[in-house]
Amino acid sequence: MSYTVKINEIHFINHDVLHIETEKPQGFDFTPGQATEVAINKAKWKEKKRPFTFTNLPEEDVLQFTIKTYPDHNGVTQRLGKLKNGDELIIDEAWGAISYQGTGVFIAGGAGITPFLSIFKQLEQEGKVNGNKLIFANKKEEDIIYAPELEALLEEDFINILSEQEDTDYAYGHIDKAFLNKNINSTTLKKFYVCGPPPMMESVIKDLKKMGVTEERIVQEAME
């Protein structure tokens, strides 16, 4: 089933990431970590659906999305960046395999952070943040979205690594087995939540398994 929703608020939160808040259809529900297919309700764009994750809490009376845009591509995200308050989106029912299943480490690459934003809001609300850890991989420091909020929430359990910038206090490089061994205890953490570009996910999951993490302890979105 599809729904047409009006944009209440839209703005960039950094150089290429949009925050979009829309109306919420009556009776619409989702679980933190889930996504929906989104299209722009304009001629020639209605059939161009793309998956985006809800980044607010299900009980709120609005829907929110945090969307990485690609201004150099003549595609949906570029067009989203040109929308304004009052424009409309078309959304489908919620779907997705990522949900909170117990204390663990969340490993995100770039826009792969989005399913975890709603989950951490839920954990904060329920007083269950302690014991969870977030590893966030980006290219540069300017790409780290919601850094102050995540640092305040997770403190030393918010770990960043950058692949294209060395002159920061953050780790430099990629999430590999050595980095994982240094920053997590694979025997005490219950679950490993992984979301990001497919090559990154494949590499991280392969390394986790080498560290003795079994398949049933890994929570991920299906990779195409």
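Coordinates for the structure precede this section.
In this text, all values refer to a predicted model and were calculated from it rather than measured experimentally. (Residues numbered from 1 in each chain as written. Predicted model: local features only at pLDDT ≥ 70, side-chain atom pairs only at ≥ 80, totals over all residues. Heavy atoms only, no water.)

1. Considerations on the overall build of the chain
- Looking only at helices and strands, the chain features five helices and 12 strands.
- Computed over C-alpha atoms, the radius of gyration of the chain comes to 18 Å, within 12% of the 17 Å expected from 2.2 N^0.38 for 224 residues, which places it in the range of a compact globule.
- Counting only C-alpha atoms and orienting by the principal axes, one finds that the chain spans roughly 50 × 40 × 35 Å.
- Taken across its 224 residues, the chain has 51% of its residues classed as buried.
- Long-range pairs, those at least 24 residues apart, make up 68% of the contacts in the chain between residues at least 6 apart in sequence.
- When the accessible area of the chain is evaluated, it comes to approximately 11,300 Å², of which 46% is carbon and sulfur surface. (Helix = DSSP H or I, 4+ residues; strand = E, 2+ residues; numbered from the N terminus. Rg over C-alpha atoms; globule rule 2.2 N^0.38 Å. Buried < 20%, exposed > 50% of the residue type's maximum accessible area, 1.4 Å probe, protein only. Contact = heavy atoms within 4.5 Å. Areas by Shrake-Rupley, 256 points an atom, 1.4 Å probe, with all protein chains shown as cover.)

2. Here we look at the layout of surface pockets
- Its volume calculated, the second largest pocket comes out at about 230 Å³.
- Every residue lining the second largest pocket is listed: His19, Thr55, Gln64, Thr66, Leu117, Phe120, Lys121, Glu124, Tyr146, Glu149, Leu150 and Leu153.
- Of all the secondary-structure elements, those providing two or more residues to the lining of the second largest pocket are strand S5 (62-68), helix H2 (114-126) and helix H3 (147-154).
- Looking at which element gives the most residues to the lining of the second largest pocket, the answer is H2, with four residues. (1 Å grid on protein atoms, 1.4 Å probe; cavity = no way out; pocket = protein on both sides within 12 Å on 5 of 7 lines; lining within 4 Å. Points joined across faces, edges and corners; volume = space filled by probe spheres on them.)

3. Quick notes on the pattern of salt bridges
- By the definition in use, this model includes six salt bridges.
- As a salt-bridge pair, Asp87 and Lys84 come within 3.7 Å of each other at their nearest N and O atoms.
- A residue is classified by how much of its surface remains accessible, and Asp87, at 11% relative accessible area, is buried.
- What you see here is one network of salt bridges that share partners, running through Lys42, Lys84 and Asp87. (Salt bridge = Lys/Arg side-chain N within 4 Å of Asp/Glu carboxyl O.)

4. Quick word on a negative patch on the surface
- The grouping of Glu141, Glu166, Asp167 and Asp169 at the surface amounts to a negative patch.
- One can find Asp169 in the loop between strand S9 (158-162) and strand S10 (171-172).
- By relative accessible area, Asp169 is classed as exposed at 84%. (Patch = residues over 30% accessible without salt bridge, like charges linked within 9 Å, V, L, I, M, F, W, Y side chains within 5 Å. Lys, Arg positive; Asp, Glu negative; His and termini not counted. Charge placed at Lys NZ, Arg CZ, Asp CG, Glu CD.)

5. Looking at the side chain of Gln64
- By the element assignment, Gln64 lies in strand S5.
- Engagement of the side chain of Gln64 in a polar contact is seen with the side chain of Glu21, the distance being 3.2 Å.
- Residues in contact with Gln64, not counting those within four places in the same chain, are His19, Ile20, Glu21, Thr53, Phe54, Thr55, Asn56 and Lys121. (Polar contact = N/O pair within 3.5 Å; in protein donor to acceptor, adjacent residues only side chain to side chain.)

6. Regarding the sheet that holds strand S11 (residues 191-195)
- Within the open sheet, the six strands sit side by side as S10-S9-S8-S7-S11-S12. Their pairing is parallel. At either end of the open sheet lies a strand with only one pairing partner, and these are S10 and strand S12 (218-220).
- Alignment of strand S7 (residues 104-109) against strand S8 (residues 133-138), held across five bridges, turns out to be parallel. Across the sheet, the residue bridging to Val105 is Lys133, located in S8.
- In the packing of H2 onto the sheet, the strands contacted are S7, S8 and S11, and the crossing angle to S7 comes to about 145°.
- Strand contacts of helix H5 (residues 198-210): S7, S11 and S12, with the helix running at about 160° to S11, the strand carrying the most contacts. (Pairing = 2+ DSSP bridges. Axes fitted to C-alpha atoms, helices over the stretch in contact; angles between N-to-C directions.)

7. Concerning the nonpolar core
- With 23 residues, the main nonpolar core has Ile113, Phe116, Leu134 and Phe158 as its most contacted residues.
- By residue number, the principal contributor to this core is H2, which donates five residues.
- For Ile113, the residues in contact, after removing those within four places along its chain, are Ala108, Leu134, Phe136 and Ile145. (Core = buried A, V, L, I, M, F, W, Y, C linked by side-chain atoms within 4.5 Å.)

8. Here we look at the environment of Leu123
- Checked against the element boundaries, Leu123 lands in helix H2.
- The exposure class of Leu123 is buried, given its relative accessible area of 0%.
- Residues Leu123 and Tyr100 lie 23 residues apart in sequence; the distance between their C-alpha atoms is 8.8 Å.
- Setting aside residues no more than four positions away along its own chain, Leu123 makes contact with Tyr100, Lys128, Val129 and Asn132.

9. Focus: the sheet that holds strand S3 (residues 35-40)
- The six strands lie next to each other as S4-S3-S6-S1-S2-S5, forming an open sheet whose pairing is antiparallel. Across the chains shown, the open sheet's two edge strands, defined by having one partner strand only, are strand S4 (50-53) and S5. Sheet twist, expressed as the average angle between the axes of neighbouring strands with direction ignored, equals 40°.
- Bridging between S3 and strand S6 (residues 88-91) involves three bridges; their strand directions are antiparallel. The residue of S6 that forms the bridge with Ile40 is Leu89.

None of the figures reported here should be taken as evidence of function without further support.
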